[in-house]
Amino acid sequence: MTDSHTSPDIRQSLGLRPVINVSGTMTSLGASIVVPEAITAMNAILPQFVEINDLHKKASPVIARLTGGEAGFVTASCSAGISLAVAATMTGSDLAAIERLPDTTGLKSEVIIQMGHVVSYGAPVDQGIRLSGAKPVLIGQATSCHPYHLEGAINERTAAAVFVVSHHTVQYGLIALRTFAEICHAHGVPVIVDAASEYDLKIFLAQGADIALYSSHKFLGGPTGGIVAGRKDLVRNAFLQNMGIGRGMKLGKESILGTIAALEAWEKRDHAGIRAKETGYLNLWKQTLSGKRGIAAEIEPDPTHNPLDRLKVTVIPEEAHITAWDFADALAKGAQPIIVRDHEAEHGFFYMDPCNLHPGEEKIVARRLEEELGKARASNDIIATPLEERYARRIAGMMRWPD
(Lines give C-alpha, C1' and ligand atoms only; values in the text may rest on other atoms or scores of the structure.)
Protein backbone atom coordinates (compact mmCIF):
# COMPACT_ATOMS: atom_id res chain seq x y z
CA MET A 1 0.00 0.00 0.00
CA THR A 2 2.80 2.43 0.88
CA ASP A 3 6.57 2.57 1.25
CA SER A 4 6.34 4.45 4.54
CA HIS A 5 7.76 2.11 7.18
CA THR A 6 10.03 4.38 9.16
CA SER A 7 8.14 4.70 12.46
CA PRO A 8 9.10 2.52 15.44
CA ASP A 9 7.04 -0.68 15.63
CA ILE A 10 4.65 -0.14 18.54
CA ARG A 11 3.63 -3.80 18.65
CA GLN A 12 6.61 -4.92 20.70
CA SER A 13 5.90 -2.43 23.50
CA LEU A 14 2.28 -3.66 23.58
CA GLY A 15 3.26 -7.30 23.71
CA LEU A 16 1.68 -8.00 20.32
CA ARG A 17 3.07 -10.33 17.68
CA PRO A 18 4.76 -8.59 14.72
CA VAL A 19 2.71 -10.42 12.10
CA ILE A 20 3.38 -10.12 8.38
CA ASN A 21 0.10 -10.13 6.47
CA VAL A 22 -0.06 -12.18 3.27
CA SER A 23 -3.72 -12.98 3.84
CA GLY A 24 -5.12 -9.77 2.33
CA THR A 25 -7.34 -6.95 3.52
CA MET A 26 -8.62 -8.84 6.56
CA THR A 27 -10.32 -7.03 9.44
CA SER A 28 -8.91 -9.64 11.82
CA LEU A 29 -5.37 -8.46 10.94
CA GLY A 30 -6.10 -4.74 10.98
CA ALA A 31 -7.36 -4.65 7.36
CA SER A 32 -4.66 -2.63 5.58
CA ILE A 33 -1.77 -0.21 5.84
CA VAL A 34 -3.34 3.23 6.23
CA VAL A 35 -2.08 5.65 3.57
CA PRO A 36 -0.02 8.67 4.71
CA GLU A 37 -2.64 11.13 3.46
CA ALA A 38 -5.26 9.64 5.79
CA ILE A 39 -2.87 9.58 8.75
CA THR A 40 -2.05 13.27 8.21
CA ALA A 41 -5.73 14.21 7.98
CA MET A 42 -6.63 12.26 11.11
CA ASN A 43 -3.79 13.79 13.11
CA ALA A 44 -4.91 17.26 12.01
CA ILE A 45 -8.54 16.88 13.08
CA LEU A 46 -8.06 14.93 16.33
CA PRO A 47 -7.28 17.98 18.54
CA GLN A 48 -10.12 20.03 17.04
CA PHE A 49 -13.83 20.33 17.66
CA VAL A 50 -16.11 20.07 14.66
CA GLU A 51 -19.82 19.85 13.92
CA ILE A 52 -20.03 16.19 12.98
CA ASN A 53 -23.06 16.46 10.68
CA ASP A 54 -21.33 19.19 8.70
CA LEU A 55 -18.20 17.04 8.40
CA HIS A 56 -20.34 14.13 7.21
CA LYS A 57 -21.73 16.34 4.46
CA LYS A 58 -18.20 17.15 3.29
CA ALA A 59 -17.73 13.46 2.56
CA SER A 60 -20.78 13.19 0.32
CA PRO A 61 -19.47 14.95 -2.84
CA VAL A 62 -16.16 13.09 -2.63
CA ILE A 63 -17.94 9.74 -2.33
CA ALA A 64 -20.30 10.68 -5.16
CA ARG A 65 -17.41 11.64 -7.43
CA LEU A 66 -15.49 8.41 -6.89
CA THR A 67 -18.44 6.02 -6.95
CA GLY A 68 -20.68 7.62 -9.55
CA GLY A 69 -23.47 7.80 -6.97
CA GLU A 70 -25.65 10.77 -6.16
CA ALA A 71 -24.53 11.01 -2.53
CA GLY A 72 -22.71 9.18 0.24
CA PHE A 73 -21.66 9.13 3.88
CA VAL A 74 -19.28 7.26 6.16
CA THR A 75 -20.35 4.86 8.89
CA ALA A 76 -18.60 2.52 11.32
CA SER A 77 -18.06 -0.36 8.88
CA CYS A 78 -19.45 -1.99 5.78
CA SER A 79 -21.39 -4.34 8.07
CA ALA A 80 -22.96 -1.30 9.75
CA GLY A 81 -23.77 -0.01 6.28
CA ILE A 82 -25.88 -3.10 5.59
CA SER A 83 -27.98 -2.52 8.70
CA LEU A 84 -28.39 1.22 8.03
CA ALA A 85 -29.21 0.82 4.34
CA VAL A 86 -31.76 -1.91 5.05
CA ALA A 87 -33.30 0.25 7.79
CA ALA A 88 -33.54 3.15 5.31
CA THR A 89 -35.63 1.07 2.92
CA MET A 90 -38.07 0.26 5.72
CA THR A 91 -38.46 3.63 7.43
CA GLY A 92 -37.81 6.15 4.69
CA SER A 93 -37.42 9.56 6.36
CA ASP A 94 -40.05 8.85 9.06
CA LEU A 95 -38.19 9.86 12.22
CA ALA A 96 -40.69 8.14 14.50
CA ALA A 97 -40.24 4.86 12.63
CA ILE A 98 -36.46 5.33 12.81
CA GLU A 99 -36.66 5.61 16.59
CA ARG A 100 -38.88 2.53 16.84
CA LEU A 101 -36.51 0.15 15.06
CA PRO A 102 -35.91 -2.75 15.42
CA ASP A 103 -39.69 -2.78 15.92
CA THR A 104 -40.94 -2.96 12.31
CA THR A 105 -44.67 -2.98 13.05
CA GLY A 106 -46.52 -1.53 10.07
CA LEU A 107 -43.41 -1.43 7.86
CA LYS A 108 -42.29 -3.50 4.91
CA SER A 109 -39.65 -5.63 6.55
CA GLU A 110 -38.61 -8.55 4.32
CA VAL A 111 -35.18 -8.45 2.70
CA ILE A 112 -34.29 -10.89 -0.05
CA ILE A 113 -30.82 -12.43 -0.34
CA GLN A 114 -29.53 -15.40 -2.33
CA MET A 115 -28.64 -18.36 -0.13
CA GLY A 116 -25.20 -18.58 -1.75
CA HIS A 117 -24.54 -15.03 -0.50
CA VAL A 118 -25.27 -15.79 3.16
CA VAL A 119 -21.67 -16.06 4.29
CA SER A 120 -19.63 -14.97 7.28
CA TYR A 121 -17.06 -12.16 7.10
CA GLY A 122 -16.42 -12.52 10.83
CA ALA A 123 -20.16 -12.37 11.52
CA PRO A 124 -23.09 -13.64 9.42
CA VAL A 125 -24.24 -11.37 6.58
CA ASP A 126 -27.87 -12.08 7.43
CA GLN A 127 -27.29 -10.89 11.00
CA GLY A 128 -26.46 -7.46 9.58
CA ILE A 129 -29.92 -7.52 8.03
CA ARG A 130 -31.63 -8.78 11.19
CA LEU A 131 -30.03 -6.10 13.37
CA SER A 132 -32.30 -3.54 11.70
CA GLY A 133 -35.38 -5.57 12.62
CA ALA A 134 -35.81 -6.86 9.07
CA LYS A 135 -36.47 -10.49 8.20
CA PRO A 136 -34.01 -12.06 5.74
CA VAL A 137 -35.70 -14.10 3.02
CA LEU A 138 -33.22 -16.61 1.62
CA ILE A 139 -33.86 -17.65 -1.97
CA GLY A 140 -32.59 -20.57 -4.02
CA GLN A 141 -30.05 -23.05 -2.75
CA ALA A 142 -26.40 -22.58 -1.79
CA THR A 143 -25.16 -23.35 -5.31
CA SER A 144 -28.25 -22.62 -7.39
CA CYS A 145 -30.48 -19.57 -7.66
CA HIS A 146 -32.55 -18.52 -10.67
CA PRO A 147 -34.65 -15.50 -11.63
CA TYR A 148 -37.85 -17.36 -10.76
CA HIS A 149 -36.64 -17.71 -7.17
CA LEU A 150 -36.30 -13.93 -6.95
CA GLU A 151 -39.58 -13.22 -8.75
CA GLY A 152 -41.41 -15.63 -6.46
CA ALA A 153 -40.04 -14.06 -3.26
CA ILE A 154 -41.05 -10.46 -3.97
CA ASN A 155 -44.34 -9.45 -2.37
CA GLU A 156 -46.04 -6.54 -0.62
CA ARG A 157 -43.79 -7.02 2.44
CA THR A 158 -40.51 -6.78 0.53
CA ALA A 159 -38.44 -3.76 1.59
CA ALA A 160 -35.16 -4.44 -0.21
CA ALA A 161 -32.81 -7.03 -1.66
CA VAL A 162 -29.15 -7.50 -0.66
CA PHE A 163 -26.44 -8.69 -3.06
CA VAL A 164 -23.01 -9.69 -1.72
CA VAL A 165 -19.78 -9.45 -3.72
CA SER A 166 -17.03 -11.42 -1.99
CA HIS A 167 -14.57 -14.26 -2.49
CA HIS A 168 -16.47 -15.98 0.34
CA THR A 169 -19.67 -16.36 -1.69
CA VAL A 170 -20.46 -19.17 -4.12
CA GLN A 171 -18.97 -18.10 -7.44
CA TYR A 172 -21.30 -20.02 -9.76
CA GLY A 173 -24.95 -20.89 -10.28
CA LEU A 174 -26.36 -17.66 -8.82
CA ILE A 175 -28.15 -14.64 -10.30
CA ALA A 176 -25.75 -11.97 -11.59
CA LEU A 177 -26.13 -8.43 -10.28
CA ARG A 178 -27.42 -6.85 -13.48
CA THR A 179 -30.25 -9.40 -13.80
CA PHE A 180 -30.89 -9.31 -10.04
CA ALA A 181 -31.31 -5.52 -10.16
CA GLU A 182 -33.51 -5.56 -13.26
CA ILE A 183 -35.97 -7.95 -11.62
CA CYS A 184 -36.00 -6.02 -8.34
CA HIS A 185 -36.48 -2.66 -10.04
CA ALA A 186 -39.36 -4.02 -12.11
CA HIS A 187 -41.15 -4.51 -8.78
CA GLY A 188 -39.94 -1.27 -7.15
CA VAL A 189 -37.51 -3.05 -4.82
CA PRO A 190 -34.19 -1.25 -4.09
CA VAL A 191 -30.94 -3.24 -4.30
CA ILE A 192 -28.17 -2.93 -1.71
CA VAL A 193 -24.74 -4.29 -2.71
CA ASP A 194 -22.19 -5.29 -0.08
CA ALA A 195 -18.88 -4.73 -1.91
CA ALA A 196 -16.76 -4.39 1.22
CA SER A 197 -13.42 -5.50 -0.18
CA GLU A 198 -13.83 -4.58 -3.85
CA TYR A 199 -11.45 -2.43 -5.86
CA ASP A 200 -13.86 -0.98 -8.43
CA LEU A 201 -15.85 1.81 -6.81
CA LYS A 202 -18.20 2.45 -9.74
CA ILE A 203 -19.19 -0.83 -11.33
CA PHE A 204 -21.88 -1.92 -8.85
CA LEU A 205 -23.94 1.26 -9.04
CA ALA A 206 -23.47 1.16 -12.82
CA GLN A 207 -24.85 -2.39 -12.90
CA GLY A 208 -28.02 -1.44 -11.06
CA ALA A 209 -27.35 -1.16 -7.34
CA ASP A 210 -29.27 1.58 -5.56
CA ILE A 211 -26.81 1.52 -2.67
CA ALA A 212 -23.22 0.25 -2.81
CA LEU A 213 -21.27 -0.35 0.39
CA TYR A 214 -17.47 -0.35 0.69
CA SER A 215 -14.94 -0.65 3.48
CA SER A 216 -12.76 2.43 3.80
CA HIS A 217 -10.11 0.37 5.61
CA LYS A 218 -9.42 -2.24 2.95
CA PHE A 219 -8.17 -1.44 -0.56
CA LEU A 220 -8.65 2.28 0.03
CA GLY A 221 -6.15 2.22 2.90
CA GLY A 222 -8.25 4.44 5.13
CA PRO A 223 -9.22 4.20 8.82
CA THR A 224 -11.84 1.69 9.92
CA GLY A 225 -15.15 2.69 8.39
CA GLY A 226 -17.82 1.88 5.85
CA ILE A 227 -18.84 3.94 2.83
CA VAL A 228 -22.52 4.17 1.86
CA ALA A 229 -22.98 5.44 -1.70
CA GLY A 230 -25.82 5.65 -4.20
CA ARG A 231 -29.29 7.14 -4.60
CA LYS A 232 -29.58 10.43 -2.73
CA ASP A 233 -32.88 9.67 -1.01
CA LEU A 234 -31.72 6.26 0.20
CA VAL A 235 -28.35 7.62 1.35
CA ARG A 236 -30.08 10.39 3.31
CA ASN A 237 -32.52 7.94 4.88
CA ALA A 238 -29.65 5.61 5.81
CA PHE A 239 -27.80 8.55 7.36
CA LEU A 240 -30.91 9.44 9.39
CA GLN A 241 -30.61 6.04 11.11
CA ASN A 242 -27.88 7.67 13.20
CA MET A 243 -30.83 8.97 15.23
CA GLY A 244 -31.82 5.35 15.89
CA ILE A 245 -30.03 2.03 15.51
CA GLY A 246 -27.08 3.79 13.87
CA ARG A 247 -26.15 5.52 17.12
CA GLY A 248 -24.16 2.49 18.18
CA MET A 249 -22.47 2.45 14.77
CA LYS A 250 -21.19 6.02 14.87
CA LEU A 251 -17.60 6.91 14.10
CA GLY A 252 -15.35 9.77 15.08
CA LYS A 253 -14.27 12.91 13.28
CA GLU A 254 -10.90 11.33 12.51
CA SER A 255 -12.46 8.39 10.68
CA ILE A 256 -14.72 10.61 8.57
CA LEU A 257 -11.89 12.94 7.52
CA GLY A 258 -9.44 10.04 7.16
CA THR A 259 -11.83 8.33 4.78
CA ILE A 260 -12.21 11.50 2.71
CA ALA A 261 -8.40 11.74 2.49
CA ALA A 262 -8.07 8.06 1.55
CA LEU A 263 -10.64 8.47 -1.22
CA GLU A 264 -8.85 11.50 -2.63
CA ALA A 265 -5.51 9.65 -2.44
CA TRP A 266 -7.09 6.73 -4.31
CA GLU A 267 -7.68 9.03 -7.29
CA LYS A 268 -3.96 9.84 -7.49
CA ARG A 269 -2.56 6.40 -6.68
CA ASP A 270 -0.17 4.72 -9.12
CA HIS A 271 -2.31 1.58 -9.42
CA ALA A 272 -0.23 0.11 -12.26
CA GLY A 273 3.01 0.67 -10.38
CA ILE A 274 1.66 -0.96 -7.24
CA ARG A 275 0.46 -3.97 -9.18
CA ALA A 276 3.86 -4.37 -10.86
CA LYS A 277 5.53 -4.39 -7.43
CA GLU A 278 3.04 -6.97 -6.11
CA THR A 279 3.63 -9.15 -9.17
CA GLY A 280 7.32 -9.10 -8.33
CA TYR A 281 6.55 -10.42 -4.83
CA LEU A 282 4.42 -13.22 -6.26
CA ASN A 283 7.14 -14.24 -8.69
CA LEU A 284 9.69 -14.31 -5.87
CA TRP A 285 7.51 -16.63 -3.79
CA LYS A 286 6.69 -18.84 -6.76
CA GLN A 287 10.38 -19.16 -7.58
CA THR A 288 11.14 -19.94 -3.93
CA LEU A 289 8.64 -22.82 -3.97
CA SER A 290 9.59 -24.06 -7.45
CA GLY A 291 10.95 -27.60 -7.39
CA LYS A 292 10.02 -28.15 -3.75
CA ARG A 293 8.77 -31.69 -3.33
CA GLY A 294 5.03 -31.91 -2.67
CA ILE A 295 4.42 -28.23 -3.42
CA ALA A 296 2.70 -26.63 -6.41
CA ALA A 297 2.55 -22.84 -6.66
CA GLU A 298 0.51 -21.00 -9.26
CA ILE A 299 -0.44 -17.34 -9.63
CA GLU A 300 -4.22 -16.94 -9.85
CA PRO A 301 -6.46 -13.89 -10.52
CA ASP A 302 -8.86 -12.59 -7.89
CA PRO A 303 -12.21 -14.46 -8.10
CA THR A 304 -14.31 -11.27 -7.96
CA HIS A 305 -12.26 -9.59 -10.71
CA ASN A 306 -10.31 -7.17 -8.58
CA PRO A 307 -7.16 -6.18 -10.51
CA LEU A 308 -4.80 -8.30 -8.45
CA ASP A 309 -3.39 -11.81 -8.27
CA ARG A 310 -2.54 -14.21 -5.45
CA LEU A 311 -0.27 -17.22 -5.16
CA LYS A 312 -2.11 -20.51 -4.68
CA VAL A 313 0.07 -22.96 -2.75
CA THR A 314 -1.06 -26.57 -3.02
CA VAL A 315 0.46 -29.08 -0.61
CA ILE A 316 0.68 -32.86 -1.07
CA PRO A 317 1.27 -34.12 2.50
CA GLU A 318 2.75 -37.49 1.51
CA GLU A 319 5.55 -35.69 -0.35
CA ALA A 320 5.93 -32.44 1.57
CA HIS A 321 5.58 -34.22 4.95
CA ILE A 322 3.07 -31.62 6.09
CA THR A 323 -0.56 -30.70 5.45
CA ALA A 324 -1.59 -27.36 3.98
CA TRP A 325 -3.11 -26.24 7.29
CA ASP A 326 -0.10 -27.30 9.33
CA PHE A 327 2.16 -25.48 6.88
CA ALA A 328 -0.01 -22.36 7.34
CA ASP A 329 0.13 -22.77 11.14
CA ALA A 330 3.91 -23.24 11.09
CA LEU A 331 4.33 -20.01 9.12
CA ALA A 332 2.13 -18.23 11.68
CA LYS A 333 4.45 -19.16 14.55
CA GLY A 334 7.86 -17.92 15.61
CA ALA A 335 9.56 -14.55 15.80
CA GLN A 336 8.40 -13.49 12.32
CA PRO A 337 4.81 -14.77 12.02
CA ILE A 338 3.46 -15.00 8.46
CA ILE A 339 -0.36 -15.09 8.20
CA VAL A 340 -1.61 -16.64 4.96
CA ARG A 341 -5.16 -16.84 3.53
CA ASP A 342 -6.09 -20.31 4.75
CA HIS A 343 -9.91 -20.33 4.53
CA GLU A 344 -9.80 -23.39 2.26
CA ALA A 345 -6.75 -25.15 3.72
CA GLU A 346 -8.74 -28.33 4.40
CA HIS A 347 -8.82 -28.78 0.60
CA GLY A 348 -5.03 -28.91 0.54
CA PHE A 349 -4.13 -25.35 -0.43
CA PHE A 350 -3.86 -21.79 0.80
CA TYR A 351 -3.31 -18.40 -0.83
CA MET A 352 -0.69 -15.70 -0.39
CA ASP A 353 -1.78 -12.11 -1.03
CA PRO A 354 0.92 -9.47 -1.71
CA CYS A 355 -1.15 -6.30 -1.19
CA ASN A 356 -0.24 -5.49 2.42
CA LEU A 357 3.53 -5.73 2.70
CA HIS A 358 6.06 -3.21 3.92
CA PRO A 359 9.28 -3.02 1.87
CA GLY A 360 11.54 -5.99 2.52
CA GLU A 361 8.86 -8.20 4.08
CA GLU A 362 8.50 -10.16 0.83
CA LYS A 363 12.03 -11.50 1.39
CA ILE A 364 11.24 -12.50 4.96
CA VAL A 365 8.20 -14.40 3.63
CA ALA A 366 10.34 -16.21 1.05
CA ARG A 367 12.87 -17.20 3.71
CA ARG A 368 10.19 -18.50 6.06
CA LEU A 369 8.68 -20.61 3.27
CA GLU A 370 12.08 -22.25 2.78
CA GLU A 371 12.63 -22.76 6.51
CA GLU A 372 9.28 -24.37 7.31
CA LEU A 373 9.34 -26.67 4.30
CA GLY A 374 12.85 -27.72 5.25
CA LYS A 375 11.73 -28.59 8.78
CA ALA A 376 8.81 -30.61 7.44
CA ARG A 377 10.96 -32.54 4.98
CA ALA A 378 13.37 -33.40 7.82
CA SER A 379 10.51 -34.99 9.76
CA ASN A 380 10.20 -38.76 9.56
CA ASP A 381 6.45 -38.52 9.95
CA ILE A 382 3.87 -36.47 8.07
CA ILE A 383 2.85 -33.48 10.16
CA ALA A 384 -0.95 -33.79 10.10
CA THR A 385 -2.92 -32.21 12.92
CA PRO A 386 -6.61 -33.26 12.84
CA LEU A 387 -8.70 -30.39 11.50
CA GLU A 388 -11.07 -30.71 14.45
CA GLU A 389 -8.21 -29.93 16.83
CA ARG A 390 -7.23 -26.90 14.77
CA TYR A 391 -10.76 -25.50 14.84
CA ALA A 392 -11.12 -26.22 18.55
CA ARG A 393 -7.84 -24.45 19.27
CA ARG A 394 -8.96 -21.35 17.36
CA ILE A 395 -12.29 -21.19 19.18
CA ALA A 396 -10.58 -21.69 22.53
CA GLY A 397 -8.23 -18.83 21.72
CA MET A 398 -11.18 -16.53 21.03
CA MET A 399 -12.90 -17.54 24.26
CA ARG A 400 -9.89 -16.85 26.48
CA TRP A 401 -9.90 -13.41 28.09
CA PRO A 402 -7.18 -11.77 30.19
CA ASP A 403 -7.62 -11.75 33.97
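Look above for the structure.
Our subject in this report is the structure included herewith.

Rules of the game
Residues numbered from 1 in each chain as written. Predicted model: local features only at pLDDT ≥ 70, side-chain atom pairs only at ≥ 80, totals over all residues. Heavy atoms only, no water. Core = buried A, V, L, I, M, F, W, Y, C linked by side-chain atoms within 4.5 Å. Buried < 20%, exposed > 50% of the residue type's maximum accessible area, 1.4 Å probe, protein only. Contact = heavy atoms within 4.5 Å. Helix = DSSP H or I, 4+ residues; strand = E, 2+ residues; numbered from the N terminus. Pairing = 2+ DSSP bridges. Axes fitted to C-alpha atoms, helices over the stretch in contact; angles between N-to-C directions. Salt bridge = Lys/Arg side-chain N within 4 Å of Asp/Glu carboxyl O.

**Quick notes on the nonpolar core**
So, point 1. Counting residues in each nonpolar core, the largest one holds 45 residues, and the members touching the most others are Ile-112, Leu-150, Phe-180, Val-193, Phe-204 and Leu-263.
So, point 2. If we ignore the near neighbours within four places in the chain, the residues touching Phe-180 are Gln-114, Leu-150, Ala-161, Val-162, Phe-163, Ile-175 and Val-191.

**Quick look at unusual backbone geometry**
So, point 1. The omega torsion of the bond from Leu-101 to Pro-102 falls at 15°, within 30 degrees of zero and hence cis.
So, point 2. Here Pro-102 shows up in the loop between helix 5 (95-100) and strand 3 (110-114).
So, point 3. At His-321, a position not held by glycine, the phi torsion is positive, near 65°.
So, point 4. As for its position among the elements, His-321 is in the loop between helix 13 (317-320) and helix 14 (324-331).
So, point 5. Among the residues examined, His-321 registers a relative accessible area of 16% and is labelled buried.

**Here's the deal with the environment of Leu-289**
So, point 1. With respect to the helices and strands, the residue Leu-289 is situated in helix 12 (residues 271-289).
So, point 2. Along the sequence, Leu-289 and Glu-370 sit 81 residues apart, while their C-alpha atoms lie 7.6 Å from each other.
So, point 3. Look past the residues within four positions of Leu-289 in its chain and what remains in contact with it is Ile-295, Ala-297, Leu-311, Val-313, Leu-369 and Leu-373.

**Focus on the sheet that holds strand 5 (residues 158-164)**
So, point 1. Read from one edge of the open sheet, seven strands run 2-8-7-6-5-3-4, paired in mixed fashion. Two strands lie at the open edges of the sheet, namely strand 2 (71-75) and strand 4 (135-139), each paired on one side alone. In this sheet, adjacent strand axes meet at a mean angle of 25° when their direction is disregarded.
So, point 2. With five bridges connecting them, strand 3 and strand 4 associate as parallel partners. Looking at the pairing, Glu-110 lines up with Lys-135 of strand 4.
So, point 3. Each of strand 3, strand 5 and strand 6 (191-194) touches helix 8 (residues 177-186); the most contacted strand, strand 6, lies at about 155° to it.

**Observations concerning the side chain of His-149**
So, point 1. With respect to the secondary-structure elements, His-149 resides in helix 7 (residues 147-153).
So, point 2. If we ignore the near neighbours within four places in the chain, the residues touching His-149 are Ile-139, Gly-140, Gln-141 and Ser-144.

**Topic: the pattern of salt bridges**
Pairing is possible between side chains of opposite charge, provided their charged atoms come close.
So, point 1. What the rule picks out here adds up to 19 salt bridges.
So, point 2. Put simply, Asp-233 and Arg-231 hold a salt bridge, and the shortest N to O gap is 2.8 Å.
So, point 3. Assessed through its relative accessible area of 32%, Asp-233 is described here as partly exposed.
So, point 4. On the basis of relative accessibility, which here comes to 31%, the residue Arg-231 falls in the partly exposed class.
So, point 5. Two residues, Arg-368 and Glu-371, come together in a salt bridge whose shortest N-O distance is 3.6 Å. Residue Arg-368 and its partner Glu-371 are located together in helix 15 (residues 361-378), separated by three residues, close to a single helical turn.
So, point 6. For Arg-368, a relative accessible area of 5% puts it in the buried group.
So, point 7. One salt-bridge network, in which partners are shared between bridges, spans Arg-367, Arg-368, Glu-371, Glu-372 and Lys-375.

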